[in-house]
Amino acid sequence: MTNLHEMTLTELATGLSARKFSSREIADALLARIEKADGKLHAFTEVYAREARALADAADTARTSGFPLGPLHGLPMVYKDLCDIKGRIGTGGSKMWENRVAAETSNTVERLTAAGMFPLGKAHMVEFAFGGWGTNPLMGAPWNPWDLETHRTPGGSSSGTGVAVAARLAPAGIGSDTGGSVRIPCAFNGLVGLKVTFGRISLHGTMLLSWTLDSIGPMARSVEDCALLLNALAAPDPRDPTTLDQPLEDFTAATKGGSIEGMRLAIPDSSQLPEFVDSDVIRAWQSAARIFEDLGAAVEAVRLPDWFFDLQKGAGTISTSEMFSLHREWIEDKSKPIGDGVRGRALLGKTFVPGGYAEELRIMKQRRAEFAEWMRPYDGLVTPCVAVPAIPLTEVDEMSPAAGYLTRPGNYLGLCGLSMPSGLSRGLPVGIQILGKPYAERDVLKFGKAFQDATDFHRRAPDLSSLGL
């Protein structure tokens, strides 16, 4: 029982099916770790200890019935605190909403609860999900577990989820991604994270940042777990019309093994990367490209469209404009407790030229068509995920776009993407992202599974022995 916290969702599901342990034992083991570690790590806004044990017990009772159960039955989950649960506190990362009681339950929580999962709690996040470094001056930034001496960026905006999963306080969690907020914390924490195509997962009951770019996504320690969660979450929801046209498929089929031989993978010219990309990040990315080539993929060095990385500016225009529209009432009210960094960036929404937002939407449509043609020969595109390893919180420039510089283009272009750990730099994780065409999650999962099987980066864990773990 001592290593339950090290197991992935897939491994825990196998053990439950074989009656090697119970859901209650999983809950108790993880809640004990949370009790020991979260005073330091600050991953959770609220721990649902009583509820987790009650639902775990119910799952164990159901298992004794002999009736067929789903693959997620009796497994734990942690939710980013923008997934509302009716009657529960939902802060959206804001001190202003520390006593806000949700009036409805998000589609994400509904579907995973219906699949038999039990909640460990809600996770901290950047205020209003508006930031990539993971800072939160008023609610407190979670502590990246890879360095317990220096408070480093956990990545945002899904900061608490990233820390909880990396520290083995939970096997998997839910994040959201508007400009990289699943992929960035996964890169900083050595995790696997899936940015789904817009419209794959219903946003009903989820606090919005950008109605044009938001997406919900799983964060885990294996590709299999991301596929398993996507199977449960990807479905039409009449409460969110953007989900109604998606193709339905079994995403776990992409993680059953199988060769990637002949699949075409584009690797951009390193000279196109911004100058501030860390040399260790570049080396890990180039090494990953060689691994894909050794696995049989047709790896092709390419030049991206000259405007590709400039799209991060357009993504910022859209998300900032929509964020300001949604939250203007309190952003402009200086009496409301909102961090200076988030308020300052949000107020940029007032400075865009008249018609600038509408013009950016027009350009986005054009760029999506152009990139679809550019991407047509390829099954995936691999770039570094985040330009640098986690930096000390004291070095964060809240106005800098560096955290999401490499991830934002994927949102702007409507792509799906998978963040994969690809190595360590001075003891800190770095990652790659595998971008795929819209609704091509199975392709990026297949690439990710092949890379995972050829490496051990997803198995590496931070040393938490000083916390008594």
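Residues numbered from 1 in each chain as written. Predicted model: local features only at pLDDT ≥ 70, side-chain atom pairs only at ≥ 80, totals over all residues. Heavy atoms only, no water.

Where helix 7 (residues 223-233) meets helix 13 (residues 441-454), the axes come as close as 9 Å, and the angle between the chain directions of the two elements is 155°. By the angle between their axes, helix 7 is roughly antiparallel relative to helix 13. Residues Val223, Glu224, Cys226, Ala227 and Leu230 of helix 7 form the contact with helix 13, whose participating residues are Glu441, Leu445, Gly448, Lys449 and Gln452. (Axes fitted to C-alpha atoms, helices over the stretch in contact; angles between N-to-C directions. Helix = DSSP H or I, 4+ residues; strand = E, 2+ residues; numbered from the N terminus. Parallel < 35°, antiparallel > 145°, perpendicular 65-115°, else oblique. Contact = heavy atoms within 4.5 Å.)

Burial analysis of strand 4 (residues 172-176) places 5 of its 5 residues in the buried class, which makes it a mostly covered element. Side-chain alternation along strand 4 places Ala172, Ile174 and Ser176 on one buried face and Gly173 and Gly175 on a second face that is also buried. The sheet contact formed by strand 2 (residues 76-80) and strand 4 spans 2 bridges and is parallel. Residue pairing for strand 4: Tyr79 is matched across the bridge by Ile174. (Buried < 20%, exposed > 50% of the residue type's maximum accessible area, 1.4 Å probe, protein only. Pairing = 2+ DSSP bridges.)

Those residues of helix 10 (residues 340-347) lying buried are Gly341, Val342, Arg343, Arg345 and Ala346. Where the residues of helix 10 are buried, they touch helix 9 (311-331).

By volume, the largest pocket amounts to about 490 Å³. Partitioning the lining of the largest pocket into residue classes produces 11 nonpolar, 13 polar and 3 charged. (1 Å grid on protein atoms, 1.4 Å probe; cavity = no way out; pocket = protein on both sides within 12 Å on 5 of 7 lines; lining within 4 Å. Points joined across faces, edges and corners; volume = space filled by probe spheres on them. Nonpolar A, V, L, I, M, F, W, Y, C, P; charged D, E, K, R; others polar.)

With that settled, the discussion passes to the packing of aromatic side chains. How two aromatic rings sit relative to each other is set out by the distance from centre to centre and by the angle between their planes. By the definition in use, this model includes 12 aromatic pairs. With 6.3 Å between their ring centres and 15° between their planes, Trp133 and Phe188 make a pair best called stacked. With a gap of 55 residues between them, Trp133 in the loop between strand 3 (118-123) and helix 5 (159-166) and Phe188 in helix 6 (residues 183-189) connect regions that are remote in the sequence. An identical accessibility class is assigned to Trp133 and Phe188; each is buried. Aromatic side chains Phe292 and Phe451 sit 5.3 Å apart centroid to centroid with 25° between the ring planes, which places their arrangement in the stacked category. Within this pair, whereas Phe292 is found in helix 8 (residues 279-294), its partner Phe451 is found in helix 13, the two being separated by 159 residues in sequence. (Phe/Tyr/Trp six-rings, centres within 6.5 Å; stacked < 30°, edge-to-face > 60°.)

Right, let's get into the sheet that holds strand 7 (residues 264-268). Taking strand neighbours across the sheet as the criterion, the 11 strands line up as 1-3-2-4-6-5-10-11-9-7-8 in an open arrangement whose pairing is mixed. If you trace the sheet from one side to the other, it starts and ends with strand 1 (44-47) and strand 8 (298-302), each paired once. Along the sheet, successive strands turn relative to each other by an average axial angle of 25°, direction set aside. Strand direction decides the pairing type here: strand 4 and strand 6 (residues 216-220), joined by 5 bridges, are antiparallel. Residue pairing across strands places Ser176 opposite Ile216, the latter belonging to strand 6. Packed onto the sheet, helix 2 (residues 23-41) meets strand 1, strand 2 and strand 3 and runs at close to 20° relative to strand 3.

Once that is clear, we can look at the environment of Asp245. Locating Asp245 in the fold gives a position in the loop between helix 7 and strand 7. By relative accessible area, which is 71% here, Asp245 ends up exposed. For the pair Asp245 and Met125, spaced 120 residues apart in sequence, the C-alpha to C-alpha distance is 30 Å.

This model, assessed by the stated rule, comprises 0 disulfides. With no disulfide partner, Cys385 has as its closest neighbouring cysteine sulfur the one in Cys186, 7.8 Å distant. (Disulfide = S-S within 2.5 Å.)

On to the nonpolar core, then. Core analysis: the biggest nonpolar cluster contains 128 residues, and Leu112 and Phe292 have the highest contact counts within it. Counting residues per element, this core draws most heavily on helix 7, at 8 residues. In terms of nonpolar packing, the next biggest core, distinct from the first, is built from 11 residues, Phe188, Val386, Ala390 and Val396 among them. (Core = buried A, V, L, I, M, F, W, Y, C linked by side-chain atoms within 4.5 Å.)

On to the side chain of Arg221, then. Along the chain, Arg221 turns up in the loop between strand 6 and helix 7. Glu6 is the oppositely charged side chain nearest to the buried, salt-bridge-free Arg221, at an N-O distance of 5.3 Å. Of the polar contacts made by the side chain of Arg221, one reaches the backbone oxygen of Met7; its length is 3.0 Å. From its side chain, Arg221 meets the backbone oxygen of Ala170 in a polar contact 3.0 Å long. Beyond its immediate chain neighbours, meaning those up to four positions away, Arg221 contacts His5, Glu6, Met7, Thr8, Val165, Arg168, Ala170, Pro171, Leu191, Val192 and His458. (Lys, Arg positive; Asp, Glu negative; His and termini not counted. Salt bridge = Lys/Arg side-chain N within 4 Å of Asp/Glu carboxyl O. Polar contact = N/O pair within 3.5 Å; in protein donor to acceptor, adjacent residues only side chain to side chain.)

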